Amino acid sequence: MTSSHLSASSYSLPWVIFALAIGGFCIGTTEFVAMGLIQEIATDLSVSIPSAGYFITTYALGVTVGAPVLAILGAKLPRKSLLLGLMLFYGVANAVTALANSPETMLLSRFIAGLPHGAYFGFASLVAADLAGQHRRATAIAQVMMGLTIASVIGVPFATWLGQTYGWRAGFEFSAVIALITILAISFFVPRIQPHASASIRKEIAGFKNIHMWLTLAIGAIGFGGLFSVYSYASPILTEYTGANVKVVPFALAIFGVGMVLGGLVAGWLADKHLNKTIVGVLVSSAVAFIIAALSMTQVYSAIAALFLIGFTVTGLAGVLQIRLMDVAGESQALAASLNHSAFNVANALGAFLGGFVISHQMGWVAPVWVGLALSLSGLLLFKLALSVEARSV
């Protein structure tokens, strides 16, 4: 059953998007709160800040592994039941993270918690695009993704405050509660949608041979990494380099998140008009943003403005690449939609790793910002390559 088989009274698209976006809010809060509380986690588990960055990397690796596996296995399952199961898994896994008492158990729990992340966003995006229709799908997907970016404005600062006030574990307990709320919202508002009749595990697996899909995924895996090279270490950059009080960090992350919300919506709106030009615009503007940021971190107000600019420019890449993947994926829609979030969590892992690498090799606290510039420019080159390959294959 697709949207064409649903009566107009059987669902309300705004409420469907709202329910799906709550799940994005939950996932965004959980993913990014580990960055906001990196100092507290490092202290409690007796590891260095760069070593605590590996907890972020491990979560991202869980997303990378889980997304294709769960997308393929879920290809023939009813979308609503699948979304409910994925969110239940996510809530339980993050409740377990709150019980971690050693670096080893923390690493394992973060990997497990990452497994359903990509598949949730992938299937949520397919549901939103299916119900919204061809000419509003980019906007609908951007609105679903807005849950993730709103998490950066509200969820992450609040969870960071909880973690600073009551211990870092409270941040993950908060995420488990939001997962429960998501389950209730999906139960009430998302209609029962069967996968397309032609969907099959075999057709999803065939997507692994699609060069256009892999090039698009590579753009996200590289081009989005700069956001994480900065976001992962925003707290120590602000406190150690800019000289800000640690209490400023939640506010700074909220401003970062406002940029992400606005940037995602603007990019979605533009992508419904011209997809490829929007992708180029996102990558070029993000490169400019990193240059401005590298020169603006010496003073707290300009540093916060620079974080806003990075969030505004880079974040739009998520939704626009989701649409490009749907266009090039053929009959491997679930795999492509889910792998988009594997790609962005490769970017997460890569950004966090490279940011920690340059810091630990005494290149300075601003070095992760220059890493972001290099990754944005690399993503732009990859997109030019993808367009060239696409033109030759027509």
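Residues numbered from 1 in each chain as written. Predicted model: local features only at pLDDT ≥ 70, side-chain atom pairs only at ≥ 80, totals over all residues. Heavy atoms only, no water.

A. Representation of the overall build of the protein chain in the model. Looking only at helices and strands, one finds 18 helices and zero strands in the protein chain. Taken over the C-alpha trace, the protein chain has a radius of gyration of 20 Å; the compact-globule value for 394 residues is 21 Å, and the two agree within 12%. For the protein chain, the C-alpha atoms occupy an extent of roughly 55 × 45 × 35 Å along the three principal directions. Taken across its 394 residues, the protein chain has 61% of its residues classed as buried. Contacts spanning at least 24 positions in sequence make up 85% of the contacts within the protein chain whose residues lie at least 6 apart. As presented, the protein chain carries roughly 14,700 Å² of accessible surface, and 71% of it is formed by carbon and sulfur atoms. Of note, the protein chain has its 17 positive side-chain charges centred 11 Å away from the centre of its 12 negative side-chain charges. (Helix = DSSP H or I, 4+ residues; strand = E, 2+ residues; numbered from the N terminus. Rg over C-alpha atoms; globule rule 2.2 N^0.38 Å. Buried < 20%, exposed > 50% of the residue type's maximum accessible area, 1.4 Å probe, protein only. Contact = heavy atoms within 4.5 Å. Areas by Shrake-Rupley, 256 points an atom, 1.4 Å probe, with all protein chains shown as cover. Lys, Arg positive; Asp, Glu negative; His and termini not counted. Charge placed at Lys NZ, Arg CZ, Asp CG, Glu CD.)

B. Quick look at a nonpolar patch on the surface. A grouping of V65, V69, L73, I201, I205, F208, I211 and W214 is seen on the molecular surface, where their side chains present a nonpolar patch of about 680 Å² in accessible area. Those elements that place two or more of their residues in the nonpolar patch are α3 (49–73), α9 (201–206) and α10 (211–223). The dominant element in the nonpolar patch, judged by the number of residues it contributes, is α3, at three residues. Classification of I205 by relative accessible area gives partly exposed; the value is 41%. (Patch = residues over 30% accessible without salt bridge, like charges linked within 9 Å, V, L, I, M, F, W, Y side chains within 5 Å. Salt bridge = Lys/Arg side-chain N within 4 Å of Asp/Glu carboxyl O.)

C. Structural context of the packing of α10 against helix α17 (residues 333–360). Direction vectors running N to C along α10 and α17 enclose 35 degrees, while the axes themselves pass 7 Å from each other. At the point where α10 passes α17, the crossing takes the right-handed sense. Between α10, through M213, L217, G220, A221 and I222, and α17, the contact on the second element is made entirely by L335, A336, L339, N340, A343, F344, V346, A347 and L350. Looking at the contact of α10 with α17, its residues break down into twelve nonpolar, two polar and no charged. (Axes fitted to C-alpha atoms, helices over the stretch in contact; angles between N-to-C directions. Left-handed = near helix turned anticlockwise from the far one by under 90°. Nonpolar A, V, L, I, M, F, W, Y, C, P; charged D, E, K, R; others polar.)

D. Seen up close, empty space enclosed by the protein. According to the stated counting rule, one finds two cavities of 30 Å³ or more in the structure shown. Estimates place the volume of the largest cavity at around 270 Å³. Lining the largest cavity are 25 residues, and of these M145, L148, F224, T315 and A318 lie nearest its centre. Taken together, the elements giving at least two residues each to the lining of the largest cavity come down to α1 (13–36), α7 (137–166), α13 (248–271), α16 (316–328) and α17. Approximately 40 Å³ is the volume attributed to the second largest cavity. (1 Å grid on protein atoms, 1.4 Å probe; cavity = no way out; pocket = protein on both sides within 12 Å on 5 of 7 lines; lining within 4 Å. Points joined across faces, edges and corners; volume = space filled by probe spheres on them.)

E. Local environment of the nonpolar core. Formed by 121 residues in total, the largest nonpolar core has its most connected members in L20, Y120, F123 and Y231. Here this core gets 13 residues from one element, more than from any other, and that element is α1. When neighbours within four sequence positions are excluded, F123 is seen to be in contact with L70, A71, G74, R79, L82, L83, L86, A334 and S338. (Core = buried A, V, L, I, M, F, W, Y, C linked by side-chain atoms within 4.5 Å.)

F. Layout of the packing of aromatic side chains. In total, this model carries 14 aromatic pairs according to the counting rule given. When the centroid spacing of 5.9 Å and the interplanar angle of 75 degrees are considered together, the rings of Y120 and F121 count as edge-to-face. Judged by relative accessible area, which is 0%, F121 ranks as buried. Judged by centre distance (5.9 Å) and plane angle (85 degrees), the rings of W168 and F172 are edge-to-face. On the basis of relative accessibility, which here comes to 4%, the residue W168 falls in the buried class. Chaining the aromatic ring pairs together yields one cluster made of W15, F18, F188 and F189. (Phe/Tyr/Trp six-rings, centres within 6.5 Å; stacked < 30°, edge-to-face > 60°.)

G. Layout of the environment of S338. The residue S338 is located in helix α17 in this model. As for S338 and A67, which are separated by 271 residues in sequence, their C-alpha atoms are 5.3 Å apart. Residues contacting S338, with those up to four places away along its chain left out, are A67, A71, G118, A119, G122 and F123.

H. Structural view of helix α5 (residues 103–114). In this model α5 runs 17 Å from its N-terminal to its C-terminal C-alpha over twelve residues, within 8% of the 16 Å that 1.5 Å per residue would give. Those residues of α5 that sit buried are M106, S109, R110, A113 and G114. Across the axial projection of α5, the buried residues extend over an arc of 130 degrees, all falling on one side. Turned more than 90 degrees away from the buried face of α5 sit E104 and L108, all of them exposed. (Expected span 1.5 Å × (residues − 1). Arc of directions from axis to C-beta.)

I. Examining the pattern of salt bridges more closely. In total, this model carries three salt bridges according to the counting rule given. One salt bridge connects R137 with D327, and the closest N-O pair in it is separated by 2.8 Å. Residue R137 is found in helix α7, and its partner D327 is found in helix α16; the two are separated by 190 residues along the sequence. Measuring nitrogen to oxygen at the nearest pair gives 2.9 Å for the salt bridge that ties E390 to R324. Here E390, found in helix α18 (residues 367–393), pairs with R324, found in helix α16; they are 66 residues apart in sequence, far enough to count as distant.

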